[in-house]
Amino acid sequence: MGDRYELKKPFPNLPAQAQPAVCRILDANLDRAREGLRIVEEWCRFGLDSSELAGECKQLRQEIAKWHTQDLRAFRDTLGDVGTDLSHPQEEERAGIQQLLQANLCRIEEALRVLEEYGKLYHPEMGTAFKQMRYRIYTLESNLLGYQRQQKLLRSHLYLVTSESENLFAVVEAALQGGLTLVQYRDKDADDDVRVETAQKLRQLCRRYEALFIVNDRVDLALAVDADGVHLGQQDLPIAMARQLLGPHRIIGRSTTNPDEMRRAIAEGADYIGVGPVYETPTKIGKAAAGLEYVRYAAQNASVPWFAIGGIDPTNLNDVLSAGAERIAAVRAIMEAEQPTLVTQYFLSQLSRLQTLRALKAHLPQSHVQSNNLTS
Ligand SMILES: Cc1ncc(COP(=O)(O)OP(=O)(O)O)c(N)n1
Ligand SMILES: Cc1ncsc1CCOP(=O)(O)O
Ligand SMILES: [Mg+2]
């Protein structure tokens with residue numbers, strides 16, 4: 001195909017009086033699809049640094065452009081278009097990047113569907129071409145969502161695992177206000193109807209703050225509420241089985257208490273692992289501490305993001321970080337805090353200070369690190 005699609009035989013069946021309207025529909029939707037793609041492409045390029053996803057958007061834009069011939073543009077009549085003033089209130093406000101992307105992907109899909117249907121009247125090959133492009137958008141959407149999740153996971157250094165609480169939503173929201181980006185819903189006792197309702201509400205809350213939402217133990221519940229992923233312990237479903245059920249783009253985390261479990265979790269495809277319990281904890285009675293030794297082992301050997309967990313609070317955080325942790329998970333320290341926002345901010349500030357220090361150390365000569373006491 002050249003730069004523009006060659007019109008071998010436009011309008012094989014359509015009466016002449018309907019042709020201008022169809023041309024205007026095609027012209028408007030060719031524009032709409034490309035505009036939407038450009039918006040998604042910019043995020044893939046500048047927000048996610050993904051040349052692969054940006055490249056797919058660009059290719060689709062170029063394929064659409066080939067159909068946008070002069071014949072169709074010639075029918076444009078913007079002044080006479082009764083629809084130019086119609087805008088949806090939701091177009092005026094976007095809660096965040098996720099919503100912006102979702103809205104534009106939806107716009108592209110709608111435009112491609114219109115092009116598929118009306119295109120069949122215009123040219124024998126247009127319907128099939130746009131149907132294929134619509135399926136490519138579905139794939140793009142799913143890859144984009146998966147990529148976004150992985151990026152967010154990489155950027156998350158603090159993980160709140162919830163416990164039953166009368167103030168569950170208020171505490172989680174307070175932590176989100178403090179900058180938390182990763183939440184796990186953990187409830188070992190509630191009935192399923194309560195679990196579904198609670199998970200749905202937490203899911204909504206996390207969405208509002210653009211935080212990842214993970215469900216503990218239950219793949220079915222994670223799917224039912226469209227969670228970003230699931231956390232599985234050693235006694236829960238095998239990772240391969242969970243992956244089959246969840247598809248390629250949701251996050252799967254696995255608990256590990258020793259090097260052997262770590263090796264297996266990573267080999268089986270866990271996206272992240274829990275490392276602990278670092279200290280004995282009343283949140284998990286009867287579970288022996290794996291200790292700081294295991295944290296040191298993880299710092300040297302884990303090849304996926306890992307969260308030190310178990311008994312971590314502001315008083316011992318420094319010991320855990322000194323053992324090499326860059327990510328931590330906590331239940332009581334946040335769920336039972338008088339000021340969950342402040343504790344969250346404290347954890348995050350210490351974790352981010354550590355990252356800065358380690359990045360600095362990696363770029364400075366060793367003599368400078370020692371003489372300026374930049375050890376952590
Ligand atoms: C981040 C994280 N790490 C470890 C666990 C513990 O999971 P598991 O061993 O399955 O125990 P329960 O939480 O199910 O009691 C976790 N939940 N999160
Ligand atoms: C769920 C879990 N898995 C290992 S330790 C732990 C509980 C951590 O809770 P806390 O932060 O209150 O000690
Ligand atoms: Mg479990």
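Chains are numbered independently. Their residues run from 1 in the order of the written sequence. Whichever chain is written first is A, and whichever ligand is written first is 1; the rest continue in order. Local features in this predicted model are restricted to residues whose pLDDT is 70 or higher, and side-chain atom pairs enter the listing and the counts only when it is 80 or higher, whereas totals over whole chains, interfaces and linings include all residues. Values shown for side chains rest on all heavy atoms present in the structure; no hydrogens or waters enter the calculation.

Caption draft 1: Structural detail: the coordination of the magnesium ion (ligand 3). Metal coordination here is assigned from N, O and S atoms located within 2.8 Å of the ion, or within 3.2 Å for Na, K and Ca; omission of water means that sites may look incomplete. Protein-derived coordination of the magnesium ion (ligand 3) comes from Asp217 (OD) and Asp236 (OD), at a distance range of 2.0 to 2.5 Å. Residue aspartate 217 is found in the loop between strand S3 (212-216) and helix H9 (219-224), and its partner aspartate 236 is found in the loop between strand S4 (229-232) and helix H10 (239-246); the two are separated by 19 residues along the sequence. Per-residue accessibility, obtained with a 1.4 Å probe over protein chains only, is compared with the maximum for each type, and a residue is labelled buried under 20%, exposed over 50%, and partly exposed between these values. Using a relative accessible area of 23% as the deciding quantity, one classes aspartate 217 as partly exposed. Strands here are runs of E lasting at least two residues and helices are runs of H or I lasting at least four, both read from the DSSP assignment and numbered beginning at the N terminus.

Caption draft 2: Inspection of the pattern of salt bridges at higher detail. Salt bridges, as used here, are contacts in which a Lys or Arg side-chain nitrogen is within 4 Å of a carboxyl oxygen on Asp or Glu. Enumeration over the complete set of coordinates arrives at 25 salt bridges. The closest approach of N and O atoms between arginine 113 and glutamate 117, which form a salt bridge, is 3.2 Å. One end of the pair is arginine 113 and the other is glutamate 117, both in helix H5 (residues 97-122) and 4 residues apart, which spans about a single turn. Assessed through its relative accessible area of 39%, arginine 113 is described here as partly exposed. Residue glutamate 197 is joined to lysine 201 by a salt bridge in which the shortest nitrogen-to-oxygen separation is 3.5 Å. Taken as a pair, glutamate 197 and lysine 201 lie in helix H8 (residues 192-208) at a separation of 4 residues, close to a single helical turn. A relative accessible area of 46% means that glutamate 197 is categorised as partly exposed. Residues joined in a network through salt bridges with shared partners are Arg38, Glu41, Glu42 and Arg61.

Caption draft 3: Representation of a nonpolar patch on the surface. Only residues whose relative accessible area exceeds 30% and that form no salt bridge enter a patch; like-charged residues are grouped when within 9 Å of one another, and nonpolar side chains (Val, Leu, Ile, Met, Phe, Trp, Tyr) when within 5 Å. Working definition of accessibility: Shrake-Rupley area with a 1.4 Å probe, residue cover restricted to the visible protein chains. Side chains of Leu223, Leu237, Met241 and Leu245 sit close together on the surface and give an oily, nonpolar patch of about 330 Å² of accessible area. Here leucine 237 is to be found in the loop between S4 and H10.

Caption draft 4: Representation of H8 within the structure. Residue count minus one, scaled by 1.5 Å, sets the expected span of a helix. With 17 residues, H8 should cover 24 Å at 1.5 Å per step; its first-to-last C-alpha distance of 24 Å lies within 8% of that length. In this description, contact between two residues means that some pair of their heavy atoms is separated by no more than 4.5 Å. Buried positions along H8 lie against helix H7 (168-177), strand S2 (182-185), S3 and H9.

Caption draft 5: Expanded view of the pairing of strand S5 (residues 251-256). Across the 6 residues of S5, 5 count as buried, placing the element largely inside the fold. One bridge is not enough; two strands pair if DSSP finds at least two bridges between them. Note that S4 and S5 share 4 bridges and pair parallel. Pairing of valine 230 across the sheet is with isoleucine 252, part of S5. Handedness is read with the strands pointing away from the viewer; a crossover is right-handed when the path from the first strand over the helix to the second is clockwise. Remark: the S4/H10/S5 crossover connection has right-handed handedness. In this structure, S5 lies alongside strand S6 (residues 272-275), joined through 4 bridges in parallel fashion. Along S6, the bridge assignment pairs arginine 254 with isoleucine 273.

Caption draft 6: A look at the domain arrangement of the protein. Domain start and stop points were drawn from an automatic or database domain assignment. Domain boundaries assigned for the protein yield domain 1 (10-81 + 90-150) and domain 2 (156-372). A straight line from the C-alpha centre of domain 1 to that of domain 2 covers 39 Å. Taken together, the 9 residues of domain 1 in the interface contact 9 residues of domain 2. In this description, buried area is defined as the sum, over both parts, of the accessible area (probe of 1.4 Å) that is lost when the two are combined. Between domain 1 and domain 2, roughly 710 Å² of surface is buried when both sides are summed, and carbon and sulfur atoms account for 41% of that area. Contact with domain 2 buries surface across domain 1, with Ser142, Arg149 and Gln150 losing the most and accounting together for 68% of the total. Linking domain 1 with domain 2 are 1 salt bridge. Among the salt bridges present, the one from aspartate 228 reaches arginine 149, with a minimum N-O distance of 2.8 Å. Distance and chemistry together define a polar contact, namely a pair of N or O atoms within 3.5 Å, with one atom able to donate a hydrogen and the other to accept it when in protein, and with adjacent residues in sequence counting only for side-chain atoms on both sides. Taken together, the connections running from domain 1 to domain 2 amount to 7 residue pairs in polar contact (both at pLDDT 80 or more). Only H5 and helix H6 (126-155) provide two or more residues apiece to the side of domain 1 that touches domain 2.

Caption draft 7: Geometry of the site of ligand 2. The near set for a molecule or strand comprises every residue that places at least one heavy atom within 4 Å of it. Close contacts around ligand 2 come from Arg186, Pro277, Thr281, Thr283, Lys284, Ile309, Gly310, Gly311, Ala330, Val331 and Arg332, and that covers them all. Contact between ligand 2 and valine 331: an oxygen atom at 2.9 Å from a main-chain N or O atom of the residue. One of the side-chain N or O atoms of arginine 332 is found 2.7 Å from an oxygen atom in ligand 2. Here ligand 2 has 370 Å² of accessible area as a free molecule, and 92% of this is covered by the chains. For this classification, Asp, Glu, Lys and Arg are treated as charged, while Ala, Val, Leu, Ile, Met, Phe, Trp, Tyr, Cys and Pro are nonpolar and the rest, including Gly, are polar. Residues belonging to the shell around ligand 2 are distributed by class as follows: 4 nonpolar, 4 polar and 3 charged.

Caption draft 8: Region of interest: the pairing of S6. Alternating positions in S6 separate into two faces, Tyr272 and Gly274 on one and Ile273 and Val275 on the other, with burial throughout. In this fold, the crossover linking S5 to S6 by way of helix H11 (residues 259-267) has right-handed handedness. Two elements, S6 and strand S7 (residues 306-309), share 3 bridges in a ladder whose sense is parallel. Bridge pairing in S7 links glycine 274 to phenylalanine 307. One crossover worth recording links S6 to the parallel S7 by way of helix H12 (residues 291-301), and it is right-handed.

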